[in-house]
Amino acid sequence: MTQAPTPTAETVRRLARSLLPGEAGLDVAPAAEGAGHSTWWVGTRHVLRLATDRDASARQRRELRLRALVRPHAAAAVPTSVAHGEWAAGLGYTLDTRLPGTTVEEPDISAVGEADLAALLTGLREVPVRQIEALGVPRLPPRPLEALRAAAVSAAARLAEADEFDPTRLAQLTAPAARQLVPQPGAAVLVHHNLGGDHLVVSGDGRVRGVLGWTDAVIGDPAEDIASLAVAVGAPTAVRAATLAGYGARPCLRGLWLARCDTLTRLADGLDGRDPTPPPVLRARLRRAWEAIMLERLTELPDDETP
């Protein structure tokens, strides 16, 4: 098997000059490394993403079509590709416009920014599922809360030994609640599946101006995006945004479960060397996901609640 080439600054510079011939003296710099692609700043107005394997190339092509489908619904800006093609045999690229704003690990979201997140969640739910399926976006079944709870109990015990977490807080995650929070039939929607701070473009006034990183989008459980937001911006902000978007108690509480179980297991993995994310970052994510909300006092969910 031929090894895929590794993109270099000179590779990016030559490609950028060919795509933007009218712009002299283009500076290029690596922006971030991610699974399956290499991301570079090109000047001050563009971002070049290079797929480094064929699977990533296929997902990138699908992402371009998905972004066009999402754009009328998303409320926040979605990157626009000004050029796309192959930078090496079978390996794709897309040159995108750079959205104004910043991406940070813990974005400072204002009250109006919460409304922006609500509009985003509303828009994702409004994209027709049949059109999403036609693009080849995969379906992902809901994750079983009982299995996540078991993993979280084990992780909490490990964290308690390291004086990182009080395991009595797991009393909120009960077996009856796990059964009660199973998604209702027909609840699947377009899920971004990675609404972390590095994919939320936020302006200085706390508004959410854009959303990046649509490669991993799926058709599935909307609680996954609520969970991502809880980890990125805190549980209260995530739940307020989801409630404004019309989601009821079940998906909101389910989203909290997902976020809390995930952050426990990831911090435990980080302390044991199985997660490369720095422990301070994992601790901050756990803290945000475990922030208390009033909705947790709810003990019974109506059987006919709208998902």
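Structure report, in brief. As the structure is a prediction and not an experimental result, all values here were calculated from the model.

## Observations concerning helix 10 (residues 279-289)
Residues Leu282, Ala284, Arg285, Leu286, Arg288 and Ala289 constitute the buried set of helix 10. On its buried side, helix 10 packs onto helix 5 (145-161), helix 7 (223-233), helix 8 (235-244) and helix 9 (249-271).

## Side note on the pattern of salt bridges
A complete count under the given rule lists 26 salt bridges for this structure. Here Glu10 ties to Arg14 by a salt bridge, and the two come within 3.8 Å at their closest N and O atoms. Of the two residues, Glu10 and Arg14 are both situated in helix 1 (residues 9-19); the distance of four residues between them amounts to about one turn of the helix. A salt bridge links Arg288 to Glu106, with the nearest nitrogen and oxygen atoms 3.2 Å apart. In this pair, Arg288 sits in helix 10 while Glu106 sits in the loop between strand 5 (91-97) and helix 3 (111-126), placing the two residues 182 residues apart along the sequence. The network of salt bridges with common partners includes Glu105, Glu106, Arg285, Arg287, Arg288 and Glu291.

## Some remarks on the pairing of strand 4 (residues 81-88)
Along any regular strand the residues' side chains alternate between the sheet's two faces. Taken together, the six bridges between strand 4 and strand 5 define a ladder with antiparallel strand orientation. Counted as the bridge partner of His84 is Thr94 from strand 5.

## Brief notes about the packing of aromatic side chains
In this structure the tally under the stated criterion is one aromatic pair. Taking 5.1 Å as the distance between ring centres and 65° as the angle between the ring planes, the aromatic pair formed by Phe165 and Trp290 counts as edge-to-face. Residue Phe165 is found in the loop between helix 5 and helix 6 (175-180), and its partner Trp290 is found in the segment after helix 10; the two are separated by 125 residues along the sequence. Classification of Phe165 as buried rests on a relative accessible area of 7%. Residue placement shows Arg260 over the ring face of Trp290; its charged tip is 5.1 Å from the ring centre.

## Quick word on the packing of helix 5 against helix 9
The geometry of helix 5 relative to helix 9 is characterised by a closest axis approach of 8 Å and an angle of 40° between their N-to-C directions. In this view, helix 5 runs oblique relative to helix 9, as classed from their interaxial angle. Here the hand of the crossing between helix 5 and helix 9 comes out left-handed. Residue-level inspection shows Leu145, Leu148, Arg149, Ala151, Ala152, Ala155, Arg158 and Leu159 of helix 5 in contact with helix 9, the latter providing Arg254, Trp257, Leu258, Cys261, Asp262, Leu264, Thr265, Leu267, Ala268 and Leu271. Looking at the contact of helix 5 with helix 9, its residues break down into 13 nonpolar, one polar and four charged.

## Overview of the environment of Leu295
Residue placement: Leu295 occurs in the segment after helix 10. On the basis of relative accessible area, Leu295 is assigned to the partly exposed category, the value being 23%. On a C-alpha basis, the gap between Leu295 and Ala134 in space is 37 Å, while along the polypeptide they are 161 residues apart. Non-local contacts of Leu295, meaning those with residues more than four positions away in its chain, are made with Val239, Ala249, Cys252 and Leu253.

Cut-offs applied
Residues numbered from 1 in each chain as written. Predicted model: local features only at pLDDT ≥ 70, side-chain atom pairs only at ≥ 80, totals over all residues. Heavy atoms only, no water. Buried < 20%, exposed > 50% of the residue type's maximum accessible area, 1.4 Å probe, protein only. Helix = DSSP H or I, 4+ residues; strand = E, 2+ residues; numbered from the N terminus. Contact = heavy atoms within 4.5 Å. Salt bridge = Lys/Arg side-chain N within 4 Å of Asp/Glu carboxyl O. Pairing = 2+ DSSP bridges. Phe/Tyr/Trp six-rings, centres within 6.5 Å; stacked < 30°, edge-to-face > 60°. Lys NZ or Arg CZ within 6 Å of the ring centre and 35° of its normal. Axes fitted to C-alpha atoms, helices over the stretch in contact; angles between N-to-C directions. Parallel < 35°, antiparallel > 145°, perpendicular 65-115°, else oblique. Left-handed = near helix turned anticlockwise from the far one by under 90°. Nonpolar A, V, L, I, M, F, W, Y, C, P; charged D, E, K, R; others polar.

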